[in-house]
Protein chains: 2
Amino acid sequence: MTNLNILGNRAQRASRKLAVLRAPEKNRALIAMAKAVQAAQEDILAANRADIDAAREKGTPEPLIDRLALNPGRIAGMTKGMREVAELADPVGRVLSGGTLDNGLRIEQRSVPFGVIGIIYEARPNVTADAAALCFKSGNACILRGGSEAIRSNMAIANAMRSGLESVGADPDSVILLEDTSRETANALMRLNEYLDLLIPRGGAGLIRSVVQNATVPVIETGVGNCHTYVEKSADVSMAAEIVFNAKTSRPSVCNAMETLLVDRTIAEVALPAIAARLAEKNVELRGCEETCRILPQAVPATEEDYAKEFLDYILAVKVVGGIDEALMHIARYSTHHSECIVTENYAASERFAAEVDAAAVYVNASTRFTDGGQFGLGAEIGISTQKLHARGPMGLNQLVSYKYVIRGNGQVRV
Amino acid sequence: MTNLNILGNRAQRASRKLAVLRAPEKNRALIAMAKAVQAAQEDILAANRADIDAAREKGTPEPLIDRLALNPGRIAGMTKGMREVAELADPVGRVLSGGTLDNGLRIEQRSVPFGVIGIIYEARPNVTADAAALCFKSGNACILRGGSEAIRSNMAIANAMRSGLESVGADPDSVILLEDTSRETANALMRLNEYLDLLIPRGGAGLIRSVVQNATVPVIETGVGNCHTYVEKSADVSMAAEIVFNAKTSRPSVCNAMETLLVDRTIAEVALPAIAARLAEKNVELRGCEETCRILPQAVPATEEDYAKEFLDYILAVKVVGGIDEALMHIARYSTHHSECIVTENYAASERFAAEVDAAAVYVNASTRFTDGGQFGLGAEIGISTQKLHARGPMGLNQLVSYKYVIRGNGQVRV
């Protein structure tokens, strides 16, 4: 098992230098990293082919292979992302608030990096570049632990970034990738309190659960989205059909995709067939309550479990509800607090839904698919938080910093 | 063992009602709680006497008995605190940011309560009232778990608050105190992820460590302060002596009290005797490095452990350092990231110390004792965070809320 104390110590030392780098120095290093990744394209692609061969040999399913696969276009996407992060405003050193106390003390609340951020993620090797760039720009060293199936690709990308850092005199230990992808080392990373200031898991529900259960370092939970769209009785049915179609089918595998449709009984006879017709274009399987199945012969009966499930597939759970109270109760019960939507033309219903639904993003008459750092104007995102501590919803650079108070006096003592 | 699922469910239901209460309704309830606690004074004092008798019988040391003891003055302090919380601005429902996207979506980032906050605390029964009032005002239901030695006092206070809530038609389950003070129930509270949105431990290093090790719910670490004062070579020696005297002796038992003095070698021969003379007024024991012991015959040799320790007593660790680099290295090694101070007349040293020290509060020429919500102008505080996630340093009402995004559209879908 890897000795994480040694790596943690190296990352911490790098983080102290990184914390006081100015924006132009950080941006120069980011561009050097992007250039180095570009220059290492052949090595990265060769490593990726080896990963894919090994995955195929193990019988890995094709969708996972697709997530793992790199090509020149995807590498260009990674380096473009790194250059874009260089363009973003520096989140460090901003004065968030401040003032002078009656005793003359001058207080300044200043944004500062966390220090060392751990990221545990799964198949996609582009996360290596994205996460490292966002951590670096926000003044944080990072310890990356990717999936074992992508280890050769990740190593090639991380080594290129580290050589980019060295080429401009920055500390390569600002970006550390764990070569050891064992579960024991991942668990040790979750408990590396002496060196790790924050841990962000990016991946499926199983990974998130494991981190929440095992971590003793501060964690930001990300990404599990059992998202609902509630078609209220006053809804414009064709708008509802377009929103549901987009939320369910534009990219079913992501966390902001819709998983359950709730329809008001008053308009179910009209709305359900219209929505189902649109979803049929993508062969979406419908799993409905009794009333749904009566209205839509193509629907199969839903189980209790279907309402709790993040399908991440062309499957939609459907339920007819008696009104907004029942819709709110259903959402309160099954929501993962990610993104929830009401389609309505009624002002009071829209305000009540916005106020009472407990989620990172609450939509009125728009697709849940908009919950995304880029869409929200935050620039690149490191993930979507589904907890309430520190950051909620899309997390950009400004969510990767903490703050400190700097207090200047001339001899004040407390009486 | 108490069934926390039942209590958690009750608290969660109360929190949903509380989240949408307006400020005047919350303030009316807070004043009703204060009145009810005042009215229950005799019951509370009787319960407190029973707690004290039981503690004496168990041979509890007197300082702990003092922290446990209530009297009419302390009860008046509690109710005054609750009324003051009613006067503070409502932290809920503020628009933190917002705007209109190119596609016409209107985004609003709105402050919202966490939901249910757990507080685990030790001897002082006034925390029951303080914590409940701050949670309530910030729209959060709370589950309180106080120390077993104060259980009768805490029950009497919580019951009074609950009857105050009922008297104005608010849900008494907004404030739940655990009658069962067993360690098993505390551990179960730390893992009550289905109902608890946040857990704040308030107490000594042992309690904090136990929560960090065992909790699976999001935690804010509070209160352990191994605070340093570094007397830089350009320091005004008499100012340094006053600051050290105040930081060490004005209230040694609290987390913002100073624990270690670092003195620049260049001025150690002058500064150490001046500072020691002032500290002698309060018979502060000095535990010093070799050089310190040579300059100050009254000092005893410090062990490695002394530099890592939060004495919370009239004891001070002392070390002579070769300059700001060594001071920063010492602080980086031993700091608990709470409050750190430099005494200096040198501009560059002050700026470097402020930039490089990783702590919630970094002072130039002022006592570390100022790290306090009241002193910082935040109103009452629920604790002092020593982690970087969500809140750092003194936590007032604005640190007891999260946020959500409300997005209003007219049929937008993601392309």
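The residue count restarts for each chain, going from 1 along the sequence in the order it is written. Just so you know, chain letters begin at A and ligand numbers begin at 1, following the order they were written in. Totals for whole chains, interfaces and linings use all residues, but because this is a predicted model, local features are given only for residues with pLDDT of at least 70 and pairs of side-chain atoms are given and counted only at 80 or more. Side-chain measures were taken over the full set of non-hydrogen atoms in the model, leaving aside hydrogen atoms and water.

**Here's the deal with the overall build of chain A**
As a reminder of what qualifies: By the criteria applied, helices consist of DSSP H or I runs no shorter than four residues and strands consist of E runs no shorter than two, each listed in order from the N terminus. In this description the radius of gyration comes from C-alpha coordinates, and the expected globular size is given by 2.2 Å times residues to the power 0.38. The buried label goes to any residue with under 20% of its type's maximum accessible area, the exposed label to any with over 50%, and the partly exposed label to all in between, with areas taken from a 1.4 Å probe on protein chains only. Throughout, a residue-residue contact means that at least one pair of heavy atoms, one from each residue, lies within 4.5 Å. Only the protein chains shown count as cover for residues, and the accessible areas themselves come from Shrake-Rupley with a 1.4 Å probe. As used throughout, the charge tally considers Lys and Arg to be positive and Asp and Glu to be negative, leaving His and the chain termini uncounted. The atom standing in for a charge is NZ when the residue is Lys, CZ when it is Arg, CG when it is Asp and CD when it is Glu.
Assigned secondary structure in chain A consists of 15 helices and 16 strands. Whereas a compact globule of 415 residues would reach a radius of gyration of roughly 22 Å, chain A reaches 24 Å, a difference of no more than 12%. Seen along its three principal axes, the alpha-carbon backbone of chain A occupies a region of about 70 × 70 × 35 Å. With 415 residues in all, chain A has 60% of them scored as buried. For chain A, long-range pairs separated by at least 24 residues make up 72% of all intrachain contacts whose partners lie at least 6 apart in sequence. Per element, the accessible surface of chain A, about 15,800 Å² overall, is 49% carbon and sulfur. Each charge class in chain A was averaged separately, 45 positive and 49 negative side chains, and the resulting centres sit 7 Å apart.

**Considerations on the pairing of strand E1 (residues 95-100) of chain A**
Residues and elements named next belong to chain A. Selection rule: At least two DSSP bridges between two strands are needed for those strands to be called paired.
With zero of its six residues buried, E1 lies for the most part at the surface. Note: E1 against strand E2 (residues 106-113), five bridges, orientation antiparallel. In the strand pairing of E2, glycine 98 is matched with glutamate 108. Where E1 hands over to E2, the hairpin turn is made up of five residues, of which glycine 104 adopts a positive phi near 90 degrees.

**Observations concerning unusual backbone geometry**
All names here are of chain A. Even without glycine at this site, histidine 337 takes up a positive phi of about 65 degrees. Among the structural elements, histidine 337 can be located in the loop between helix H14 (324-334) and strand E12 (339-343). Taking relative accessible area as the criterion, histidine 337 reaches 25% and is therefore assigned partly exposed. One non-glycine residue with positive phi stands out, namely asparagine 365, at about 55 degrees. Residue class for asparagine 365 comes out buried when judged on its relative accessible area of 6%.

**Thoughts on the sheet that holds strand E13 (residues 361-366) of chain A**
By way of backbone hydrogen bonds, the strands of a sheet pair with one another, either parallel or antiparallel. Short version of the rule: Between the N-to-C directions of two axes lies an angle of 0 to 180 degrees, each axis being a line fitted to C-alpha atoms and, for a helix, fitted only over the stretch in contact.
Taken together, the ten strands give an open sheet; going across it, the order is E10(A)-E9(A)-E11(A)-E8(A)-E7(A)-E12(A)-E13(A)-E16(B)-E2(B)-E1(B), and neighbouring strands pair in mixed fashion. Of all strands in the sheet, those with a lone pairing partner are strand E10 (300-301) of chain A together with strand E1 (95-100) of chain B, marking the two edges. Pairing geometry for strand E8 (residues 258-264) of chain A and strand E11 (residues 315-321) of chain A, over five bridges, is parallel. The residue of E11(A) that forms the bridge with A:Leu261 is A:Val318. Contacts between helix H10 (residues 237-249) of chain A and the sheet are confined to strand E7 (227-231), E8, E11, E12 and E13 of chain A together with strand E16 (401-412) of chain B, with E8(A) contributing the most and set at about 160 degrees to the helix. Packed onto the sheet, helix H15 (residues 347-356) of chain A meets E7, E12 and E13 of chain A together with strand E2 (106-113) and E16 of chain B and runs at close to 150 degrees relative to E16(B).

**Thoughts on the interface of chain B and chain A**
To keep things clear, this is the line we draw: A side-chain nitrogen of Lys or Arg and a carboxyl oxygen of Asp or Glu constitute a salt bridge if their distance falls within 4 Å. For the purposes of these results, a polar contact is taken to be a pair of N or O atoms within 3.5 Å, where, inside protein, one atom must be able to donate a hydrogen and its partner to accept one; residues adjacent in sequence count only when each atom of the pair is a side-chain atom. Three categories are distinguished: nonpolar for Ala, Val, Leu, Ile, Met, Phe, Trp, Tyr, Cys and Pro, charged for Asp, Glu, Lys and Arg, and polar for the others, with Gly belonging to the last.
With 68 residues of chain B at the interface, the matching set in chain A holds 68 residues. Counting across the interface, chain B meets chain A through six salt bridges. Across the pair B:Lys388 and A:Asp197 runs a salt bridge whose closest N-O atoms are separated by 3.1 Å. Between the two partners, chain B and chain A, sit 36 residue pairs in polar contact (both at pLDDT 80 or more). When its residues are assigned to classes, the side of chain B that touches chain A shows 36 nonpolar, 18 polar and 14 charged.

**Regarding the relation of the copies chain B and chain A**
Short version of the rule: The fit set for superposing copies consists of C-alpha atoms from residues with pLDDT of at least 70 in both; the fit itself is least squares.
For the pair chain B and chain A, the best superposition has an RMSD of 0.0 Å and corresponds to a rotation of 180 degrees with a translation of 0.0 Å parallel to the axis. Such values leave the two copies arranged in the relation of a two-fold axis. When C-alpha positions in chain B are compared against the rotation axis, the closest is assigned to B:His390, at 1.8 Å. Residue by residue, 100% of the interface of chain B is reproduced at the interface of chain A, so both copies engage with the same surface.

**Quick word on the nonpolar core**
Stated formally: We call a set of buried Ala, Val, Leu, Ile, Met, Phe, Trp, Tyr and Cys residues a nonpolar core when their side-chain atoms join them within 4.5 Å.
Residues A:Leu261 and B:Leu261 are the most contacted members of the largest nonpolar core, which totals 192 residues. Contacts of B:Leu261, omitting those with residues within four sequence positions, involve B:Thr229, B:Val231, B:Val244, B:Leu272, B:Ile275, B:Leu316, B:Ala317, B:Val318 and B:Lys319.

**Quick notes on helix H9 (residues 205-214) of chain A**
Burial in H9(A) covers these residues: A:Leu207, A:Ile208, A:Ser210, A:Val211 and A:Val212. Tucked into the core, H9(A) has its buried residues touching strand E3 (116-121) and strand E6 (198-202) of chain A.

**Regarding the packing of helix H5 (residues 72-87) of chain B against helix H6 (residues 126-137) of chain B**
Residue and element names in this part refer to chain B. Selection criterion: For this classification, under 35 degrees means roughly parallel, over 145 means roughly antiparallel, 65 to 115 means roughly perpendicular, and everything else is oblique.
Their axes nearest at 9 Å, the elements H5 and H6 cross at an angle of 10 degrees. Between H5 and H6, the angle falls in the class roughly parallel. Within the contact between the two elements, H5 uses Met78, Met82, Val85, Ala86 and Glu87 and H6 uses Asn126, Ala129, Ala133, Leu134 and Lys137. Its residues assigned to classes, the contact of H5 with H6 shows seven nonpolar, one polar and two charged.

**Regarding the pattern of salt bridges**
Going through the model one piece at a time under the given rule, you end up with 48 salt bridges over all chains. Linking A:Arg162 and A:Asp173 is a salt bridge whose minimum nitrogen-to-oxygen distance equals 3.2 Å. Separated by eleven residues along the polypeptide, A:Arg162 in helix H7 (residues 151-167) and A:Asp173 in the loop between H7 and strand E5 (175-177) bring together distant segments of the chain. Between A:Glu304 and A:Arg333 there is a salt bridge; the shortest N-O distance is 3.0 Å. You can see A:Glu304 sitting in helix H13 (residues 304-308) and its partner A:Arg333 sitting in helix H14, a full 29 residues away along the chain. Within this structure, A:Glu108, A:Arg110, A:Arg408 and B:Glu351 form a network of salt bridges that share partners.

**With respect to the state of the cysteines**
Applied cut-off: When two cysteine sulfur atoms are found within 2.5 Å, that pair is recorded as a disulfide.
Counted according to the given criterion, the structure contains zero disulfides over all chains. A:Cys289 takes part in no disulfide bond, and the closest cysteine sulfur, belonging to A:Cys293, lies 6.9 Å away. Free cysteine: B:Cys341, not disulfide-bonded; nearest cysteine sulfur from B:Cys227 at 10 Å.

**A word on the sheet that holds strand E3 (residues 116-121) of chain B**
Residues and elements named next belong to chain B. In spatial order, the strands read E5-E4-E3-E6; together these four strands make up an open sheet with parallel pairing. Whereas interior strands pair on both sides, the edge strands pair on one side only; in this sheet they are strand E5 (175-177) and strand E6 (198-202). Between one strand and the next, the sheet's axes are offset by a mean angle of 20 degrees, whatever the strand orientation. Pairing analysis gives five bridges linking E3 to strand E4 (residues 141-145), with the strands arranged parallel.

**Concerning the side chain of B:Thr79**
Looking at where B:Thr79 falls in the secondary structure, it is placed in helix H5. With residues up to four places along the chain from it excluded, the contact list for B:Thr79 reads B:Ala34, B:Val37 and B:Gln38.

**Observations concerning the environment of B:Ala69**
All names here are of chain B. Turning to its location among the elements, alanine 69 is positioned in the loop between helix H4 (62-68) and H5. For alanine 69, a relative accessible area of 19% gives the class buried. The spacing of alanine 69 and glycine 374 is 305 residues in sequence and 23 Å in space, taken between C-alpha atoms. With residues near it in sequence (within four places) discarded, alanine 69 still touches Asn48, Ile52 and Arg74.

**Remarks on the packing of aromatic side chains**
Residues and elements named next belong to chain A. Our working definition: Any Phe, Tyr or Trp ring, taking Trp's six-membered ring, that has another such ring centre within 6.5 Å forms a pair; planes under 30 degrees apart are called stacked, those over 60 apart edge-to-face, and the others tilted.
Considering all chains together, one arrives at eight aromatic pairs over all chains under this definition. Summarising the aromatic geometry, the rings of tyrosine 230 and phenylalanine 353 are spaced 6.4 Å apart at their centres and angled 25 degrees between planes, so their arrangement reads as stacked. Of the two residues, tyrosine 230 sits in strand E7 while phenylalanine 353 sits in helix H15, which places them 123 residues apart along the sequence. Its relative accessible area of 0% is what places tyrosine 230 among the buried residues.

**Re the environment of B:Asp43**
Mapped onto the fold, B:Asp43 is located in helix H3 (residues 41-57). When the C-alpha atoms of B:Asp43 and B:Ile382 are compared, they prove to be 26 Å apart, with 339 residues separating the residues in sequence.

**Here we look at the environment of A:Thr386**
All names here are of chain A. With respect to the element layout, threonine 386 can be found in the loop between strand E14 (383-385) and strand E15 (393-395). Measuring from C-alpha to C-alpha, the distance between threonine 386 and alanine 360 comes to 6.6 Å, with 26 residues separating the pair along the chain. Setting aside residues up to four positions removed in sequence, threonine 386 forms contacts with Glu221, Thr222, Gly223, Val224, Thr336, His337 and His338.

Remember that the coordinates give geometry; whether it matters functionally is a separate question.
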